[in-house]
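Here is what each chain is made of, one letter per residue.
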Amino acid sequence: MLQVEGLSKKYGKLTAVDELSFKVDEGAIFGFIGPNGAGKTTTFKILATLLRPSSGKAWIDGEEVISDPRRIRQLVGYMPDFFGVYDDLKVDEYLDFYGASYGIPSARRKKTIDELLELVDLSHKREAYVDSLSRGMKQRLCLTRCLIHDPRLLILDEPASGLDPRARLEVKEILKELKSMGKTIIVSSHILSEMAEICTHMGIIEAGQMVVSGTVEEIMQRTREGQSLEIKVMEKTAEAEAVLRDEMNMNVLNTADRILELPFSGDEQEMNRILTALMQAEIPVVSFSLSRSKLEDVFMQITRGVVQ
């Protein structure tokens, strides 16, 4: 669906995007992650035909972005990080205006607006003035605007920025629903844990370059920390450490708050052997689970150049 090759954007001596290459398959939700100033918004503006690249190319559904901007705008729904709304319009008037701008016939616009308002749970606000909406509702309205012409690719720049937990959850559920409808989505965000829940693939960008991309699991596996085994005991922490160290020949990294943490790369049978040894030593185990590196930790490692 989206192919980017050697994309660059320079402003004098400043390079905002530097030989960026990546691809997004049809039907995927691609998380575009990076620190402020990494080049995410600049890349999105190029893909949305709002900026011309200094060099490189990008294709959306086989169409080169800079060759036919009008065609690309029919394929793309772009939601900027700072969305603009017309406060003195009602919700349905706002959407009708954009539908007309895309040349959608009046009868079809009404049906489309009804369906989209239902999708984002704003049907009860169709007669409300945009100025009266909460920030979360305005965010959902802006997303609705991006869908009015039924684009194949959605480019969403920080769609959950500044929202409370409930509103972020609503946006996340809408994105999942859009994926089920066959939309391809590329979305930037700093809420990394939520990105891991909804994205099929991710790319981490730093200083205008793609540092790593792939599925969430593939990115997690590239960290040095890998996974660890966390065992919480009710008591006998020292005895549990001795069993793990002496009988199981394992290195315990931490024993704070009756939780023993140790690096682990074994299988389920190995886990069963460890748990059996603790039980035979009459150590009361409260919890026993694998813990993978948090995505935030992975992000910090990758953007510091720790991953090899």
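Above this text sits the structure in question.
Residues numbered from 1 in each chain as written. Predicted model: local features only at pLDDT ≥ 70, side-chain atom pairs only at ≥ 80, totals over all residues. Heavy atoms only, no water.

**Quick look at the overall build of the protein chain**
From N to C terminus, the protein chain includes eleven helices and 13 strands. Counting every position in the protein chain, which comprises 308 residues, the buried fraction comes to 46%. Partitioning the contacts of the protein chain with sequence separation of at least 6, the portion at a separation of at least 24 is 68%. Just so you have it, the protein chain exposes about 15,600 Å², and 47% of that area is on carbon and sulfur atoms. (Helix = DSSP H or I, 4+ residues; strand = E, 2+ residues; numbered from the N terminus. Buried < 20%, exposed > 50% of the residue type's maximum accessible area, 1.4 Å probe, protein only. Contact = heavy atoms within 4.5 Å. Areas by Shrake-Rupley, 256 points an atom, 1.4 Å probe, with all protein chains shown as cover.)

**Description of the pattern of salt bridges**
In total, this model carries 14 salt bridges according to the counting rule given. The partner of aspartate 114 in a salt bridge is arginine 126, with the nearest N and O atoms 2.7 Å apart. Here aspartate 114, found in helix α4 (residues 106–119), pairs with arginine 126, found in the loop between α4 and α5 (135–147); they are twelve residues apart in sequence, far enough to count as distant. A residue is classified by how much of its surface remains accessible, and arginine 126, at 23% relative accessible area, is partly exposed. As a salt-bridge pair, lysine 183 and aspartate 150 come within 2.4 Å of each other at their nearest N and O atoms. (Salt bridge = Lys/Arg side-chain N within 4 Å of Asp/Glu carboxyl O.)

**Regarding α4**
For α4, with 14 residues, the first-to-last C-alpha span of 20 Å sits near the 20 Å given by 1.5 Å per residue. Phi turns positive, to about 60°, at aspartate 121, one or two residues after α4. (Expected span 1.5 Å × (residues − 1).)

**Quick notes on the packing of helix α3 (residues 91–101) against α5**
One can describe the packing of α3 onto α5 by two numbers: an axis separation of 9 Å at closest approach and a directional angle of 30°. Between α3 and α5, the interaxial angle falls into the category roughly parallel. You can see that α3 and α5 cross each other, and the crossing is right-handed. Counted together, Val91, Tyr94, Leu95 and Tyr98 of α3 and Leu141, Thr144 and Arg145 of α5 form the full contact between these two elements. Taken together, the residues that form the contact of α3 with α5 break down as five nonpolar, one polar and one charged. (Axes fitted to C-alpha atoms, helices over the stretch in contact; angles between N-to-C directions. Parallel < 35°, antiparallel > 145°, perpendicular 65-115°, else oblique. Left-handed = near helix turned anticlockwise from the far one by under 90°. Nonpolar A, V, L, I, M, F, W, Y, C, P; charged D, E, K, R; others polar.)

**Comments concerning the environment of threonine 237**
Assignment of secondary structure puts threonine 237 in helix α9 (residues 237–247). For threonine 237, the contacting residues outside a window of four places in its chain are Thr255, Arg258 and Leu260.

**Examining α3**
Of all the residues in α3, the buried ones are Val91, Asp92, Tyr94, Leu95, Tyr98 and Gly99. On an axial view of α3, the arc spanned by its buried residues comes to 160°, and they lie on one face. Buried residues along α3 sit against α4 and α5. Note on α3: the residue one or two positions beyond its end, glycine 103, has a positive phi of about 75°. (Arc of directions from axis to C-beta.)

**Focus: the packing of aromatic side chains**
Under the definition given, this model contains nine aromatic pairs. Among the aromatic residues, ring-to-ring pairing joins Phe22, Phe30, Phe32 and Phe44 into one connected group. Over the ring of tyrosine 11 we find lysine 9, and its NZ or CZ is 5.3 Å from the ring centre. In this structure, arginine 145 packs its charged tip against the face of tyrosine 98, placed 5.1 Å from the ring centre. (Phe/Tyr/Trp six-rings, centres within 6.5 Å; stacked < 30°, edge-to-face > 60°. Lys NZ or Arg CZ within 6 Å of the ring centre and 35° of its normal.)

**Let's talk about the nonpolar core**
In this structure, Leu141, Leu156 and Ile185 are the most contacted members of the largest nonpolar core, which totals 43 residues. Looking at which element gives the most residues to this core, the answer is α5, with six residues. When neighbours within four sequence positions are excluded, leucine 141 is seen to be in contact with Val91, Tyr94, Leu95, Leu122, Val130 and Leu133. Of all hydrophobic cores here, the second largest spans 29 residues; its members include Val4, Leu7, Val24 and Leu47. (Core = buried A, V, L, I, M, F, W, Y, C linked by side-chain atoms within 4.5 Å.)

**Considerations on the environment of alanine 100**
Relative to the elements of secondary structure, alanine 100 occurs in helix α3. In this structure alanine 100 comes out as partly exposed when scored by relative accessible area, which is 39%. Through-space distance from the C-alpha of alanine 100 to that of isoleucine 148 is 9.6 Å; in sequence the pair is 48 residues apart.

**So, the sheet that holds strand β6 (residues 76–79)**
Taken together, the six strands give an open sheet; going across it, the order is β6-β7-β8-β3-β9-β10, and neighbouring strands pair in mixed fashion. In this open sheet, the two edge strands, each paired with only one partner strand, are β6 and β10 (209–215). Averaged over all pairs of adjacent strands, the angle between strand axes in this sheet comes to 15°, irrespective of strand direction. Pairing of β6 with strand β7 (residues 153–157), which is carried by four bridges, proceeds in the parallel orientation. Bridge pairing links valine 76 to leucine 153 in β7. Sitting on the sheet, α5 is in contact with β6 and β7, with an inclination near 160° to β6. Here helix α6 (residues 165–180) sits on the sheet in contact with β3 (29–33), β7 and β8 (184–188), set at roughly 155° to β8. (Pairing = 2+ DSSP bridges.)

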